[in-house]
Amino acid sequence: MSGKNDSSKVYSYKEKNGKRQRNDWIAAYIFIAPLVIGLAAFYVWPFIQNVWFSFNDVNKFNVATFNGLDNYKKLFSDPALWGALWNTVKYIIIVVPISIFLSIVVAALLNASIKGKSIYRTLYFLPTVTMPVAVSLTWRWIFNGDYGLFNEFLGLFGMKGHAWLGDANTALYMIMIVAVWSGIGYNVIILLAGMQGISRSYYEAAAIDGASSVRQFFKITIPLVSPSIFFILITGMIGAFQVFDSIFMMVGPENPIYPKVLTMNALFYRNAFETGYKGYASAISMFMFVIIMIITVIQLIGQKKWVHYD
Amino acid sequence: MRKNWKKLIALGLALTMTVSVFSGCGNKDDGKTKDGKTKLVMALWDEEQNKVMKEMIKVYEEENPDVTVETQLTTWAEYWTKIEASITGGDAADIIWVNALKAVGYAESGVLMDITEAVADLDVENNFPRALVDGYTYDGKLYAVPKDFDTNGLFYNKELFDKAGVAYPTDDWTMEDLKAAAIELQAGLEDGEYPIAAAYNSGQTTYEGSVYANGGYILNEDRTETGWNDPKTVEAVQAWYGFVEEGISPTSEQMADTLPDTMFEGGKLAMLMVGNYMISTFEQNEVINGKFDVVRRPSFNGKKTDIINGLGYAVNAATKNEEEAIKFLNWLGGEEAMRLQGQGGTVISARNDAQHYFAETRPELNLDIFTMDLEEAKMLEPRVPYYSDLMTVQREILAEVWAGNITLEEGTNQIAEKWQDVLDEKNGK
């Protein structure tokens, strides 16, 4: 009998809780309203519009005329698309792994007890909070063929300088160097947070069992920060796929090699805002969307093999 | 009670944030100020000229106390994107600065007002250079009042000429004289210093004028055919490209890295073909200020045919203050405003009777040359609504030529072929 009583008590408690929960929900919805409305107005609606535009011929002033699959037909026969896709893939393959590798190394070093730790942390984070335009312009000057610091530096070792950003064979690699340099700070912050969340007791136990610090790093640190690594991998890949500002600022439309270093996003910008084919540009961005989605889904499946959530 | 307060404050905060999100999009404007004056907005992209415009506006506002005019400054890089977005959004400026290349496309899209009748009193046919009026005319209708123009001259760095012991350029130079001096200069200059620069995208200031001087052409009268493969066109472009081949101009890679304008500004380039719009920039740089002067462009085939380009004042077709905007437009194109603009010293006023003011602002420089060859000057091409398609093709192919990957002849043939495809398509062939 007492059991029955208990359950009715629980029931009435639930009832009361339900009302309260509903009030909480309303409050919660009001709290997230600014974000949701912002998302809907500035992300979801433009996305829907973009899908529609990709089936239209859209002029500079957003006057749309339906043209079915014309944009997509043009897309797959556009040699510029494949060039841009290859540039983007090259960029991702090189920038993302190197950036993550270096970030892990730097984060591990900054996590150790060294002197002046906070100074180093600030220094590594500075590029992240510096305006990308300022970063790009400074590096553009550093890589200048005639008057740049980089060539001066090479000259110290008797090496011959080069117009790094004027040569289609080297420009993209220069941009990658800058991308790695400026991306490390953000990654390090994420990784450091992950590393500092690891309980000391794991390391103490490992030390008692005689594990070297290198072994501890690979067997404890890496597995336990794998969620953070996964996070910077996903966001890094998406970010790398959308690279645009550094290409635009460091090479730019006036540079004769610009058509050869176009990435997907730069190709999109060119069509949307330079030549004014917004419908075609929308098709390009749909193509990008699909590719990014496929890559991300593959990563989400693949993570089960190596990411440890404990 | 305390809890309720907290809830209330939180709710209030959330609401204000939501409201501020919305108010960002609204921005309703009926073209009036709070005290009932008519408000006109003029969109422009040049910071230097913004100051001059503001001075001019002050004068206009004194004469017309019931109107206030604001300038809306957007940097050149974002100007057209912004104009196009604001026209789409329905809150674009009333008066819009345009250049001839853009004006044609905007006129075709119907976003600019046909002002042929509205500015009849200005008598643009007789008061402004022919080429400019043609430049803003589309389908027989006028879409902008010429504001200013730029023509080109041969700028030279006296210090580098002195160092190399070469005589300064003169107004009667020919292309042969230019080349001879460049070769002479090269012997006397250091590493990283160059005699002359001819960049792949410098047509407006270098080879395009020579094309016309040589009897070639870029587009025919009725915009149906291109002259890019005309032997006379190719010959004229070759004369300038030859400087790169012969090594008296920096290579394409070097010019990609440091623009010729910047090289000249930094005192690393002895001669530069460029428009009068660079003068203020040069003057602001201590490295070059006081060390340069300018002469007429060298003649090609005995002619000094130059390329003229410039800006105009256009009216937004959807303006809420049509009457006031047109009144202001008429004032902008009139004697007083054109004089004030010229005396401001940043640009050459387009109006015939106000062109001389610019040169008078700097008697120490040979600025008269910019108004000497106006009669023969040709408007910048390709003046068609789809010019950016043509320019993209031209740039990509000329970049290959300048990089030495294909010959100029191969390049011009490719440009002609691709341009013709675009022209045929747009002309409905």
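Residue numbers here run from 1 along each chain, matching the order of that chain's written sequence. Each chain is given a letter, starting from A, and each ligand a number, starting from 1, according to the order in which they appear as written. This being a predicted model, a pLDDT of at least 70 is required before a residue's local features are given, and a value of 80 or more before pairs of side-chain atoms are given or counted; all residues contribute to the totals for chains, interfaces and linings.

This next bit is on the overall build of chain A. Per the convention used, a helix needs a DSSP run of H or I reaching at least four residues, while a strand needs a run of E reaching at least two, with both numbered from the N terminus. Scanning chain A for helices and strands turns up 13 helices and two strands. What the globule rule says is 2.2 Å times the number of residues to the power 0.38, and the radius of gyration is computed from C-alpha atoms. In terms of overall size, chain A is more extended than a compact globule, its C-alpha atoms giving a radius of gyration of 26 Å where 310 residues would be expected to give roughly 19 Å. Summarising its shape, the C-alpha atoms of chain A cover approximately 90 × 65 × 30 Å along the three principal directions. Per-residue burial over chain A gives 30% buried out of 310 residues. Within chain A, contacts between residues separated by at least 24 positions form 68% of all contacts whose residues are at least 6 apart in sequence. The exposure scheme places C-beta atoms from the backbone and then counts, for each residue, the other C-beta atoms within 10 Å of its own, assigning buried at 20 or more, exposed at 12 or fewer, and partly exposed in between. Residues are treated as contacting if the C-beta atoms built from their backbones sit within 7 Å of each other.

Turning our eyes to something else, we now look at the confidence of the model for chain B. Residues and elements named next belong to chain B. Confidence in the prediction of chain B, expressed as mean pLDDT, is 91, and 93% of residues score 70 or more. A residue's pLDDT is the confidence the predictor assigns to it, expressed on a 0 to 100 scale. At the level of individual helices and strands, chain B shows its lowest average pLDDT in helix 1 (residues 2-26), which scores 52, and its highest in strand 7 (residues 152-157), which scores 98. Segment residues 17-28 is flagged for pLDDT under 50; beyond a separation of four residues in sequence, or across chains, it makes eight contacts in the model. Our summary of model confidence lists the complex with pTM equal to 0.84 and ipTM equal to 0.78.

So, on to the domain arrangement of chain B. One frequent convention defines the size of an interface as the accessible area lost when the parts assemble. All names here are of chain B. As annotated, the domain borders come from an automatic or database domain assignment. What the domain assignment lists for chain B is domain 1 (38-150 + 309-378) and domain 2 (152-305 + 386-426). For domain 1 and domain 2, the distance between their C-alpha centroids amounts to 28 Å. Each partner contributes residues to the interface: domain 1 has 16 residues there, and domain 2 has 16 residues. Amino acids outside the nonpolar list (Ala, Val, Leu, Ile, Met, Phe, Trp, Tyr, Cys, Pro) and the charged list (Asp, Glu, Lys, Arg) are all regarded as polar, and Gly is one of them. Residue composition of the side of domain 1 that touches domain 2, grouped by class: eight nonpolar, three polar and five charged.

All right, on to the domain arrangement of chain A then. Domain boundaries in chain A define domain 1 (2-53) and domain 2 (72-306). Here the C-alpha centre of domain 2 of chain A lies 37 Å away from the C-alpha centre of domain 1 of chain A.

Residue and element names in this part refer to chain B. The four strands are arranged 8-9-7-10 in an open sheet whose pairing can be described as mixed. Edge strands, defined here as strands with exactly one partner in the open sheet, are strand 8 (194-196) and strand 10 (292-295). Going across the sheet, the axis of each strand differs from the next one's by a mean of 30°, ignoring polarity. With two bridges joining them, strand 8 and strand 9 (residues 269-275) adopt parallel strand pairing. Residue pairing across strands places Tyr 194 opposite Leu 269, the latter belonging to strand 9. Think of it this way: DSSP has to see at least two bridges between two strands before they count as a pair. Axis definition: a line fit to C-alpha positions, over the contact stretch in the case of helices; interaxial angles, taken between N-to-C directions, run 0 to 180 degrees.

One finds Ala171(A), Ile95(B), Ala103(B), Tyr143(B) and Leu329(B) to be the most contacted residues of the largest nonpolar core, which totals 182 residues. At 13 residues, the largest contribution of residues to this core is made by helix 7 (residues 171-196) of chain A. Residue contacts for Ile95(B): discarding those within four places in its chain leaves Leu40(B), Met42(B), Tyr313(B), Val315(B), Ala325(B), Phe328(B) and Leu329(B). Structurally, a nonpolar core is described as a collection of buried Ala, Val, Leu, Ile, Met, Phe, Trp, Tyr and Cys residues joined by way of C-beta atoms within 7 Å.

Turning to the packing of helix 17 (residues 387-402) of chain B against helix 18 (residues 408-426) of chain B, a few remarks are in order. Each packed pair of helices is defined by two parameters, the angle between the axes and the distance between the axes. All names here are of chain B. Two elements in contact, helix 17 and helix 18, have axes separated by 9 Å at closest approach and are oriented at 165°. Considered as vectors, helix 17 and helix 18 are oriented roughly antiparallel to each other. Relative to helix 18, the crossing made by helix 17 is right-handed. Residue-level contacts link Asp 389, Leu 390, Val 393, Gln 394, Ile 397, Leu 398, Glu 400 and Val 401 of helix 17 to Leu 408, Gly 411, Gln 414, Ile 415, Lys 418, Trp 419 and Val 422 of helix 18. Looking at the contact of helix 17 with helix 18 residue by residue, the classes come out as nine nonpolar, three polar and three charged. Each angle is binned into one of four classes, with values under 35 degrees roughly parallel, values over 145 roughly antiparallel, values of 65 to 115 roughly perpendicular, and all other values oblique. Note on convention: the crossing is left-handed when the near helix lies turned anticlockwise from the far helix by less than a right angle, right-handed when the turn is clockwise.

Attention now moves to the interface of chain B and chain A. Taken together, the contact between chain B and chain A spans 27 residues of the former and 27 residues of the latter. Elements that contribute at least two residues to the side of chain B that touches chain A include exactly helix 1, helix 3 (76-89), helix 11 (252-257) and helix 17 of chain B. When residues of the side of chain B that touches chain A are assigned to their parent elements, the largest contribution, six residues, is made by helix 17 of chain B. Taken together, the residues that form the side of chain B that touches chain A break down as eleven nonpolar, eleven polar and five charged.

Turning our eyes to something else, we now look at the environment of Asp171(B). Residues and elements named next belong to chain B. Mapped onto the secondary structure, Asp 171 falls in the loop between helix 7 (158-164) and helix 8 (175-188). Accessibility expressed as a C-beta count within 10 Å gives 17 for Asp 171, which makes it partly exposed. For the pair Asp 171 and Val 294, spaced 123 residues apart in sequence, the C-alpha separation works out to 8.8 Å. With near-sequence residues (within four places) excluded, Asp 171 lies in contact with Val 295, Arg 296 and Ile 369.

So, about the confidence of the model for chain A. Caution applies to low-pLDDT regions: their predicted coordinates should not be interpreted in detail. Residues and elements named next belong to chain A. In the predicted model, chain A carries a mean pLDDT of 90, and the fraction of residues at 70 or more is 94%. Of all the helices and strands in chain A, helix 1 (residues 2-53) carries the lowest mean pLDDT, 79, while helix 3 (residues 79-111) carries the highest, 95. Confidence drops under a pLDDT of 50 for residues 1-5, and excluding neighbours within four residues, the segment shows zero contacts in the predicted structure.

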